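# Coordinate analysis (summary)
Now for the letters of each chain:
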Amino acid sequence: MEATAKYNRGNPAVKRILQEVKEMQSNPSPDFMAMPLEEDIFEWQFAILGPRDSEFEGGIYHGRIQLPSDYPFKPPSFMLLTPSGRFEIQKKICLSISNYHPEHWQPSWSVRTALVALIAFMPTPGGGALGSLDFKKEDRRALAIKSRETPPKFGSAERQKVIDEIHEQMLSRAPPVPQLLTNETNEETNQLPASDASDEHAHKAVGGVNTAGSNSDSVNNDLPRPDSESEIVQHIVEGRTEGVSNHSRANLSRENIPRVAPTPQNPVVAIQKPKHDRLLTLAAFGLTLAIMALVIKKFFKINGLAGYIEGKF
Amino acid sequence: MKVKILQWHSVASWTWDAQDETCGICRMAFDGCCPDCKFPGDDCPLIWGSCNHAFHLHCILKWVNSQTSTPLCPMCRREWQFKG
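Residues numbered from 1 in each chain as written. Chains lettered and ligands numbered in written order. Predicted model: local features only at pLDDT ≥ 70, side-chain atom pairs only at ≥ 80, totals over all residues. Heavy atoms only, no water.

## Some words on empty space enclosed by the protein
What the rule picks out here adds up to two cavities of 30 Å³ or more. Roughly 100 Å³ of volume is contained in the largest cavity. Lining the largest cavity are Pro-12, Arg-16, Pro-72 and Phe-73 of chain A together with Ile-25, Cys-26, Cys-34, Pro-35, Asp-36, His-58, Cys-59 and Lys-62 of chain B. Elements represented by at least two residues in the lining of the largest cavity include exactly α1 (12–26) of chain A together with α1 (57–66) of chain B. Looking at the lining of the largest cavity element by element, the count peaks at three residues for α1 of chain B. Tallied by class, the residues present in the lining of the largest cavity amount to eight nonpolar, one polar and three charged. For the second largest cavity, the calculated volume is near 30 Å³. Taken together, the residues of the lining of the second largest cavity sort by class into eight nonpolar, one polar and no charged. (1 Å grid on protein atoms, 1.4 Å probe; cavity = no way out; pocket = protein on both sides within 12 Å on 5 of 7 lines; lining within 4 Å. Points joined across faces, edges and corners; volume = space filled by probe spheres on them. Helix = DSSP H or I, 4+ residues; strand = E, 2+ residues; numbered from the N terminus. Nonpolar A, V, L, I, M, F, W, Y, C, P; charged D, E, K, R; others polar.)

In structure tokens form, the structure reads like this:
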């Protein structure tokens, strides 16, 4: 930005404002637009869209923001330039975000948050606050339609240039003023036939009852009392026989198991010189390591890991 | 392939362990410094509040000293108390 070369970058307020200018340009919002003057970075020109679902919808409202010298530790002042029926024009308005109430200001707020708040304040009642108006809805809507035609006239040629530029861009973004339409949707509720379900349930119950009846009849007819008693006695006899045979088998298995007593073995003691023995042990250990290394190497070759081995060594 | 290490240089980097990346007051990055300072680090440290919001030391001191009534946290509007 060539314009930034003019400003005093040593001032913390200027640094903060430049930061906000960059942020505004990199993240533009469809609901508002704001930019500072070239000559004075502490004065911004902005335009906001009327909030949706309100009598201000479709309107383009211009305004001016004056930032203090010790921004962001002090709040800015706001002035509307387009007639809206909610705020007076060319007069500083009293809001919780404006310089009328420095006790409510937060340094974490910015121009962006202020404009969002301003859009949100539009549909609220003025309540007699400084710079507030309470026009009728019809008048406000008429003013909204009128606000799109021409941007307001204010200040010097440079300011007017900025205002006109903002107005053109807002016109390209803004949707037209909507007409009031009332659409009612009738929803039909489909109810399931409860009578059919109840009939099916009754049918199943009836079937079950019939089946149970048939079973009981067959049992009574096929099995008279004397025959059933004789069968029961036979079952008892068979059970006893089986038990006896199992017991006898267990006894046989126990008797046939052979018992082997453990026999202690005496270890053979080899008498040798300690030095000679130690040398032989070391030699054996070395040979074992060599053999293991060779085996591992061969194993890797077989598995095709030659490259890995070469790289590692 | 053999690699022989002849010499090595060590490099260290540090950063602030904060929840955000920028100061809520000056909108500068925490790894940077406040608008009045030139270098980050010990000369321009971060300060945490009891609400766990962090700001540059100079930014929050400027805000706290400019308030006639009880200072509030710029982010959450609770009463500002420096974390011990």
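Picking up after the structure, the text goes on.
## Description of the sheet that holds strand β4 (residues 77–80) of chain A
All names here are of chain A. Here we have four strands laid out as an open sheet, ordered β1-β2-β3-β4, and antiparallel in their pairing. Edge positions in the open sheet fall to β1 (32–36) and β4, since each of these has one partner strand only. Each strand of the sheet is rotated relative to its neighbour by a mean of 20°, with strand direction disregarded. Here five bridges tie β1 to strand β2 (residues 43–49), and the two strands are oriented antiparallel to one another. Looking across to β2, one finds that Pro-36 is bridged to Trp-44. (Pairing = 2+ DSSP bridges. Axes fitted to C-alpha atoms, helices over the stretch in contact; angles between N-to-C directions.)

## Some points on the side chain of Ser-108 of chain A
When you line up the elements, Ser-108 of chain A lands in the loop between β4 and α2 (111–121). Assessed through its relative accessible area of 12%, Ser-108 of chain A is described here as buried. Discounting chain neighbours no more than four positions away, the residues touching Ser-108 of chain A are Arg-16 of chain A together with Gly-24, Arg-27, Pro-74 and Met-75 of chain B. (Buried < 20%, exposed > 50% of the residue type's maximum accessible area, 1.4 Å probe, protein only. Contact = heavy atoms within 4.5 Å.)

## Focus: the packing of aromatic side chains
With the rule as written, the count across this model stands at seven aromatic pairs over all chains. Aromatic side chains Trp-80 of chain B and Phe-82 of chain B sit 5.5 Å apart centroid to centroid with 85° between the ring planes, which places their arrangement in the edge-to-face category. (Phe/Tyr/Trp six-rings, centres within 6.5 Å; stacked < 30°, edge-to-face > 60°.)

## What about the nonpolar core?
Counting 35 residues, the largest nonpolar core has Trp-44, Val-111 and Leu-115 of chain A as the members making the most contacts within it. Sorting the residues of this core by element identifies α1, β1, β2, β3 (60–66), β4 and α2 of chain A as the ones contributing at least two each. Not counting the four nearest positions on each side in its chain, Trp-44 of chain A is found in contact with Ile-17, Glu-20, Val-21, Met-24, Ala-34, Met-35, Pro-36, Gly-63, Arg-64, Ile-65, Leu-67 and Val-111 of chain A. Counting residues in each nonpolar core, the second largest holds 20 residues, with Phe-73 of chain A together with Cys-37, Ala-54 and Trp-80 of chain B among its members. (Core = buried A, V, L, I, M, F, W, Y, C linked by side-chain atoms within 4.5 Å.)

## Some words on the UniProt feature "transmembrane region" (unreviewed entry) in chain A
According to UniProt, the feature "transmembrane region" (unreviewed entry) maps to residues 279–296 of chain A in the numbering used here. Secondary structure over residues 279–296 of chain A splits into 100% helix and 0% strand, and the C-alpha atoms at its two ends are 26 Å apart. (UniProt positions renumbered as here; feature names shortened; annotations may be inferred.)

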